[in-house]
Amino acid sequence: MHEDDSTVQEEHVHTEHEHNGHDSEDHGGGHGHHGHGGHEDMVEDFKKRFFISLILTLPILAISPMIQHFLGVDWRFANDMYVLFALSSIVFFYGGWPFLVGGIAELKDKAPGMMTLIALAITIAYSYSTVVVFGWDGNQLYWELATLVTIMLLGHWIEMRSIMGASNALEQLVKLMPNEAHRLDDNKQVEDVPLSEIRNKDWVLVKPGEKIPVDGVIVEGRSTVDESMLTGESIPIEKEDGDAVIGGSVNKEGSLVVEVEKTGEDSYLSQVITMVKEAQESKSRTQDLTNRAAKWLFYLALAAGFATLFAWLALGYAFDVAIERMVTVMVITCPHALGLAAPLVVAVSTSISAKQGLLIRNRADFEGARNLNAVVFDKTGTLTKGEFGVTDIIASEGYSEEQVLQLAAAIEQNSEHPIATGIVQSAKERNLTIGKVTDFESITGKGIQGQVDGMKVNAVSPGYIKGENLAYDESVFNSLSEEGKTVVFVLADDKLAGMIALADMVRDTAKQAVAALKEKGIHSIMLTGDNQKVANWVAAQLGIEEVYAEVLPDDKANQIKKIKDKGWRVAMTGDGVNDAPALATADLGIAIGAGTDVAMETADVVLVKSNPNDVVALIDLSKKTYRKMVQNLWWATGYNIFAIPLAAGVLAPWGIIVSPAVGAVFMSLSTVIVAINAKLLKA
């Protein structure tokens, strides 16, 4: 689809068209984002542990003397503390198991983090409460343990489910594939076989209205194909011999015979699904920051806890009072909200981007998009449609522009050349009647001719005109050629009826994208292998001031390096094999979804809808995602800044002591705020 050589075709040769995130960190109990089925099982496991813990927490709250005192009731009964111990033990060992296992795993890796913090808090609360029940002086803290475990499980369940939801948004694409295909055997007989039996180079028949079962090339037939579910292209696309088709798209009207090129994991749909998995598994820099914060909070919890214990003992308080202070500090330091701060935002932003047709393959580079200084665009297929359209019609005396286009469209309708397609399409867009052609023939290397309504009509190249010594307006022709346009001469009964200029049509969305980037203070730069004249003409239409033309594929990456040497953060947007090195070199590689597999494999983000405007949407989403993450990190850690000194008892001389109960409420509130704030992220 993507040629970066010159689109100026001096010889308009008409022959019958030759068919040429977050990291899979183990959140205890295996809370990593691995296989789809495994992830689903883990979501169910956390859900089950949460509900069982919640059910057990209700009687624990009712039996706890501190809660009864708070409510002003007395529901005490014989041996109630032993019942409390039994219920709390189930919550600790069953509900808290993923955190205990995760904490041990983190300590083995010498990387204490979120799980270690949670495990520390619940172990201290359980151990302290158990010794109180069996004879130690003090207040047991089973109800804090139970609420802590239940809230942690709820948080993890929400996190995993939302990540699951983001993944499902695209994994639904699997369902687009039919289960069977109509394979043609060597005798062209049709046999229905399961999709798994289809091999490369097999021929399959696709009937009208059916889904195309494989990625391949049409070898027989002509039809329109609806690719909207895959590429976001709303208008069905005309397809004929030699055109590529994507598995999962819908064949609208004609029967097609398709030669299989890609099956199974190589198919477009499978690649899309793989990209989603990569998006979820690619580690986020902000997530790293969160894990580092958890590690330091673990050390802080230990230091603050023991400092509190020794301080209270030094002030002459009883050991049980000092221990209670220490436990309160440990419980308050447990920052479950911090654990949710980044993953929840990542989950929501992945889901939003999937719905917008942005496939994020590398979360870290996506997050860096907020700091971009320049976006480099490839020209053909990215800023332009990669297809010819009529830009100018110069009619000779006695003819109107419409008549010239009508004659050209009539003669060109039998040709499959891209220039012919552009002329016919332009006539259709103007609702012109296209006459019938007879005695059609091609003049090798020169053009085509035929009879239209009893008139001999030719569509020929400049070479033919010069060879026949026909007069034409050379200054107009030269100025059109200067702009890199291809000029077709239309003759009627061997006299010049007019000239039609064509060029690779600029995408309207590209104009909007360049204007929007300019408003944000981001430079738009064009980088193309095409000739300077064509590049300048396209750039002038788009308002791009910086143009690098006639750049060889291996030189594109060097050009990106030069721009980066200015100290700029650079994104590269392209769709071809020759863009791959530049995509890999840029700070953010953006592939156009209609492009080549190589480009998509190299890119950090893929624009499924092939719309340059999505580059702007991508930058906006990156900024909003980062802003939400920072907000959440502040919400998650901000309460620690205030609560730890209070829990340690700095205000005790004034009679203000924060109980473990209040500590737990602080922590819960922080978690709820973080979850709600993440959900408020909008596209």
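Given the structure is predicted, the values throughout are model-derived calculations rather than measurements. (Residues numbered from 1 in each chain as written. Predicted model: local features only at pLDDT ≥ 70, side-chain atom pairs only at ≥ 80, totals over all residues. Heavy atoms only, no water.)

(A) Inspection of the sheet that holds strand 9 (residues 256-262) at higher detail. Judged by pairing direction, the sheet is antiparallel, and its 6 strands sit side by side in the order 2-1-3-9-4-7 without closing on themselves. Looking at strand neighbours, the two that pair on one side only are strand 2 (190-194) and strand 7 (244-245), the edges of this open sheet. Note: strand 4 (residues 215-221) against strand 7, 2 bridges, orientation antiparallel. Bridge assignment links Val-217 to a residue of strand 7, and that residue is Ala-244. (Pairing = 2+ DSSP bridges. Helix = DSSP H or I, 4+ residues; strand = E, 2+ residues; numbered from the N terminus.)

(B) Representation of the environment of Ile-218. Topologically, Ile-218 is positioned in strand 4. Here the alpha-carbon distance between Ile-218 and Glu-259, two residues 41 residues apart in the chain, equals 6.3 Å.

(C) Geometry of the packing of helix 18 (residues 508-519) against helix 23 (residues 613-648). Running from amino to carboxyl end, helix 18 crosses helix 23 at an angle of 35°, the nearest separation of the two axes being 7 Å. On helix 23, the residues touching Thr-509, Gln-512, Ala-513, Ala-516 and Leu-517 of helix 18 are Asn-613, Val-616 and Ile-619. (Axes fitted to C-alpha atoms, helices over the stretch in contact; angles between N-to-C directions. Contact = heavy atoms within 4.5 Å.)

(D) Summary view of helix 3 (residues 80-95). Given a rise of 1.5 Å per residue, 16 residues ought to cover 22 Å, and the 22 Å separating the end C-alpha atoms of helix 3 matches this to within 8%. Taken together, the buried positions of helix 3 are occupied by Asp-80, Met-81, Leu-84, Leu-87, Ser-88, Ser-89, Val-91, Phe-92 and Gly-95. (Expected span 1.5 Å × (residues − 1). Buried < 20%, exposed > 50% of the residue type's maximum accessible area, 1.4 Å probe, protein only.)

(E) Looking closely at the confidence of the model for the chain. Per-residue pLDDT for the chain has a mean of 79; in total, 81% of the residues score no lower than 70. Of all helices and strands in the chain, the one with the weakest mean pLDDT is helix 7 (residues 228-231) (56), whereas helix 3 scores best (95). Within the model, pLDDT remains below 50 along residues 1-36, and this stretch shows 125 contacts once partners closer than five positions in the same chain are excluded. (pLDDT = per-residue confidence, 0-100.)

(F) Summary view of the nonpolar core. Counting residues in hydrophobic clusters, the biggest one holds 57 residues, and the most contacted among them are Ile-60, Phe-99, Ile-122, Tyr-142, Leu-145, Val-327 and Leu-338. Among the elements that take part in this core, helix 5 (residues 114-133) stands out by supplying 14 residues, more than any other. Counting 45 residues, the second-largest nonpolar core is a separate cluster that includes Ala-342, Ala-369, Met-526 and Ala-535. (Core = buried A, V, L, I, M, F, W, Y, C linked by side-chain atoms within 4.5 Å.)

(G) Inspection of the UniProt feature "transmembrane region" (unreviewed entry) in the chain at higher detail. When the UniProt feature table is mapped onto this chain numbering, "transmembrane region" (unreviewed entry) sits at residues 50-71, 83-105, 117-135, 141-158, 296-315, 327-354, 633-656 and 662-681. Split by type, residues 50-71 is 95% helix and 0% strand. Its first and last C-alpha atoms lie 25 Å apart. Its end C-alpha atoms 28 Å apart, residues 296-315 is made of 95% helix and 0% strand. (UniProt positions renumbered as here; feature names shortened; annotations may be inferred.)

(H) Broad picture of the pattern of salt bridges. Enumeration according to the criterion identifies 14 salt bridges in this entry. Arg-49 is paired through a salt bridge with Asp-45; the nearest N and O atoms lie 3.0 Å apart. You can see Arg-49 and its partner Asp-45 sitting in helix 1 (residues 36-63), 4 residues apart, about one turn around the helix. Given the relative accessible area of 12%, Arg-49 is considered buried. Between Asp-202 and Arg-183 there is a salt bridge whose closest N-O contact spans 3.7 Å. You can see Asp-202 sitting in the loop between strand 2 and strand 3 (203-206) and its partner Arg-183 sitting in strand 1 (residues 180-184), a full 19 residues away along the chain. The pair formed by Asp-202 and Arg-183 is uniform in burial state, with each residue classed as buried. Each of Arg-183, Glu-191 and Asp-202 takes part in one network of salt bridges that share partners. (Salt bridge = Lys/Arg side-chain N within 4 Å of Asp/Glu carboxyl O.)

(I) Geometry of unusual backbone geometry. Unusually for a residue other than glycine, Asp-453 sits at a positive phi of about 50°. Residue placement: Asp-453 occurs in the loop between strand 14 (447-452) and strand 15 (455-460). The backbone of Glu-550 shows a phi angle near 55°, a positive value even though the residue is not glycine.

(J) Region of interest: the sheet that holds strand 15. Pairing in this open sheet of 6 strands is antiparallel, and the strands run 12-17-16-15-14-13 from one edge to the other. Looking along the sheet, the strands with just one partner apiece sit at the ends: strand 12 (384-395) and strand 13 (437-443). Ignoring which end each strand starts from, the neighbouring axes of this sheet average 20° apart. In this sheet, strand 17 (residues 495-506) lies alongside strand 12 in antiparallel orientation, the contact comprising 8 bridges. Its bridge partner being in strand 17, Ala-395 is matched across the sheet by Gly-498. Taken strand by strand, helix 15 (residues 418-429) contacts strand 12, strand 16 (486-492) and strand 17, and its axis lies near 65° from that of strand 12.

(K) Structural context of helix 14 (residues 401-412). Compared with the 16 Å implied by 1.5 Å per residue over 12 residues, the 16 Å span of helix 14 between its first and last C-alpha is a close match. If you check which residues of helix 14 are buried, you get Val-404, Leu-405, Leu-407, Ala-408, Ala-409, Ala-410, Ile-411 and Glu-412.

(L) Expanded view of the side chain of Thr-150. Mapped onto the secondary structure, Thr-150 falls in helix 6 (residues 142-171). Within the local environment of Thr-150, its side chain forms a polar contact with the backbone oxygen of Ala-146, the two atoms lying 2.7 Å apart. Beyond its immediate chain neighbours, meaning those up to four positions away, Thr-150 contacts Phe-50, Ser-53, Leu-54 and Thr-57. (Polar contact = N/O pair within 3.5 Å; in protein donor to acceptor, adjacent residues only side chain to side chain.)

(M) Representation of the environment of Glu-238. Relative to the elements of secondary structure, Glu-238 occurs in strand 6 (residues 237-239). Since its relative accessible area comes to 55%, Glu-238 is described here as exposed. When the C-alpha atoms of Glu-238 and Ser-223 are compared, they prove to be 6.0 Å apart, with 15 residues separating the residues in sequence. Apart from residues lying up to four places away in sequence, Glu-238 is in contact with Ser-223, Thr-224 and Asp-243.

(N) A look at the packing of helix 3 against helix 4 (residues 97-108). Where helix 3 contacts helix 4, the two axes come as close as 5 Å, and the packing angle between them is 50°. As far as their axial angle goes, helix 4 and helix 3 are oblique. Residue-level inspection shows Phe-92, Phe-93, Tyr-94 and Gly-95 of helix 3 in contact with helix 4, the latter providing Trp-97, Pro-98, Phe-99 and Leu-100. Class assignment for the residues of the contact of helix 3 with helix 4 results in 7 nonpolar, 1 polar and no charged. (Parallel < 35°, antiparallel > 145°, perpendicular 65-115°, else oblique. Nonpolar A, V, L, I, M, F, W, Y, C, P; charged D, E, K, R; others polar.)

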